[in-house]
Amino acid sequence: MRYFLRVMKNSDFGKAEKLMTDFNESGFLFSYIRFMNLSPQGGSIDFYVGNTLVCAGIKFGSYSPYIKTASSDQVYKATRSGRKDDVIDKITLSQDIGKVHSLCVCGMADEAKFLPVEEPMPQSVKGYGNLRICNFSPGSKSFDIWANREKILEDINYKEQSIYMNIKPEIYNFSLSQNGSESKKLGECEIKADKFYSLYIIGTKNEMPHLSGIFTLDAASYSGFYLL
């Protein structure tokens, strides 16, 4: 991936290099997880912790609230909605206290798998919002990402995730292009100061559902002992 970031006074986007290592403790008293259905053509998904159903009927392009988890090995299972024995994938994940993940089901329906995405706690530059890009469009290559008319990221491939980038608070229209092609709209998001967002690219380039974007408000946006 190649970032197109300039000095803050010349652009809505700030330098990102510092954010690579600028992590601190969340302060949360528990670990948390949220479930995301990013698998095209697979229908709705039910999510289990062990054998306990915790989120039912999560549609494609949707996600659950954050859920408190135990700080030990936990077995997570995804099944086709309403069909407990039609298992899509299982994963065992151990989280330390204070850690947060988005547990995504990604890939086309016949090869869908879990992919944990960590929700880090980088420090925010005062007065700026923060945005990262995650490409979960199966088989995609070399997308360029635009915010309004400014290119902010180049060559993001399938399953790649950018770091958080500083961005001035305002409403942005996001789009993508590939090999100089006409841009494809991903949606609009209002970026607020000191908040952290992810833009997930989902869907498929040549089939239904078509390429689109979903925006999440991430764990680093919250403060205090609990993520609620």
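Along each chain, the written sequence defines residue order, and numbers are assigned to residues from 1. For a predicted model such as this one, the threshold for reporting local features is a pLDDT of at least 70, and the threshold for listing and counting side-chain atom pairs is 80 or more; totals across whole chains, interfaces and linings nevertheless cover every residue. Here the side-chain values reflect all heavy atoms present in the structure, with hydrogen atoms and water set aside.

Topic: a nonpolar patch on the surface
Note the cut-off: Patch rule: a residue counts if its relative accessible area is over 30% and it has no salt bridge; like charges are joined within 9 Å, and nonpolar side chains (Val, Leu, Ile, Met, Phe, Trp, Tyr) within 5 Å. The Shrake-Rupley method, run with a 1.4 Å probe sphere, supplies the accessible areas, and residue values consider only the shown protein chains as cover. Any Lys or Arg side-chain nitrogen found within 4 Å of a carboxyl oxygen on Asp or Glu counts as a salt bridge. Under the scheme used here, helices are H or I runs from DSSP no shorter than 4 residues and strands are E runs no shorter than 2 residues, and both carry numbers assigned from the N terminus.
A surface patch of nonpolar side chains, amounting to about 500 Å² of accessible area, comprises Leu 29, Phe 225, Tyr 226 and Leu 228. Mapped onto the elements of the fold, Leu 29 is located in the loop between β1 (2–3) and β2 (31–38).

Quick notes on the confidence of the model for the protein chain
Formally: You can read pLDDT as the predictor saying how much it trusts each residue, on a scale of 0 to 100. The contact definition used throughout considers only heavy atoms, calling two residues in contact when any of these lie within 4.5 Å.
Confidence in the prediction of the protein chain, expressed as mean pLDDT, is 89, and 89% of residues score 70 or more. Segment residues 5–24 is flagged for pLDDT under 50; beyond a separation of four residues in sequence, or across chains, it makes 52 contacts in the model.

Quick word on the state of the cysteines
The cut-off we apply is this: The disulfide criterion used throughout: a pair of cysteine sulfur atoms within 2.5 Å. The rule is simple: take the accessible area with a 1.4 Å probe, protein chains only, and divide by the maximum for that residue type; under 20% is buried, over 50% is exposed, in between is partly exposed.
Scanning all chains against the criterion turns up zero disulfides. Cysteine Cys 106 is unpaired, with the sulfur of Cys 104 as its nearest cysteine sulfur at 6.7 Å. On the basis of relative accessibility, which here comes to 3%, the residue Cys 106 falls in the buried class.

So, the sheet that holds strand β18 (residues 212–217)
For clarity, the threshold we go by: In this description, strands pair whenever DSSP reports at least two bridges between them. Lines fitted to C-alpha atoms define the axes here, with helix axes fitted over just the stretch in contact, and angles between the N-to-C directions of these axes take values from 0 to 180 degrees.
In space, the four strands of this open sheet follow the order β14-β11-β17-β18, with mixed pairing throughout. Of all the strands in the sheet, just β14 (165–167) and β18 have a single pairing partner and so form its edges. The mean angle between the axes of side-by-side strands here comes to 30°, regardless of whether they run parallel or antiparallel. Pairing of strand β11 (residues 129–135) with strand β17 (residues 196–202) involves six bridges; the strand directions are parallel. Looking across to β17, one finds that Arg 132 is bridged to Ser 198.

Some points on the packing of aromatic side chains
Aromatic ring pairs are defined here through the distance separating the ring centres and the angle between the ring planes. Inclusion rule: Each Phe, Tyr or Trp ring (for Trp, its six-membered ring) is paired with any other whose centre lies within 6.5 Å, and the angle between the two planes then decides the class: stacked below 30 degrees, edge-to-face above 60, tilted in between. The criterion for a charge sitting over a ring is simple: Lys NZ or Arg CZ within 6 Å of the ring centre, and within 35 degrees of the ring normal.
As enumerated under the stated definition, the model contains ten aromatic pairs in all. Ring geometry for Phe 28 and Tyr 32: centres 5.8 Å apart, planes at 75°, overall edge-to-face. One exposure class covers both Phe 28 and Tyr 32, and it is buried. Of note, Lys 68 hangs over the ring of Phe 30, and the distance from its end group to the ring centre comes to 4.3 Å. The ring of Tyr 48 carries Lys 77 above its face, with NZ or CZ at 4.8 Å from the centroid.

With respect to the pattern of salt bridges
Enumeration over the complete set of coordinates arrives at eight salt bridges. Among the ionic pairs, Lys 99 bridges to Glu 118, the shortest N-O distance being 4.0 Å. Taken together, the residues span a long stretch of sequence, with Lys 99 in the loop between β8 (87–93) and β9 (100–106) and Glu 118 in strand β10 (residues 113–118) at a distance of 19 residues. Classification of Glu 118 as partly exposed rests on a relative accessible area of 41%. Among the salt bridges present, the one from Asp 218 reaches Arg 132, with a minimum N-O distance of 3.9 Å. Pair noted here: Asp 218 is in the segment after β18 and Arg 132 is in strand β11, with a separation of 86 residues, a long-range link.

Here's the deal with the environment of Asp 110
In this structure, Asp 110 sits in the loop between β9 and β10. Its relative accessible area of 71% is what places Asp 110 among the exposed residues.

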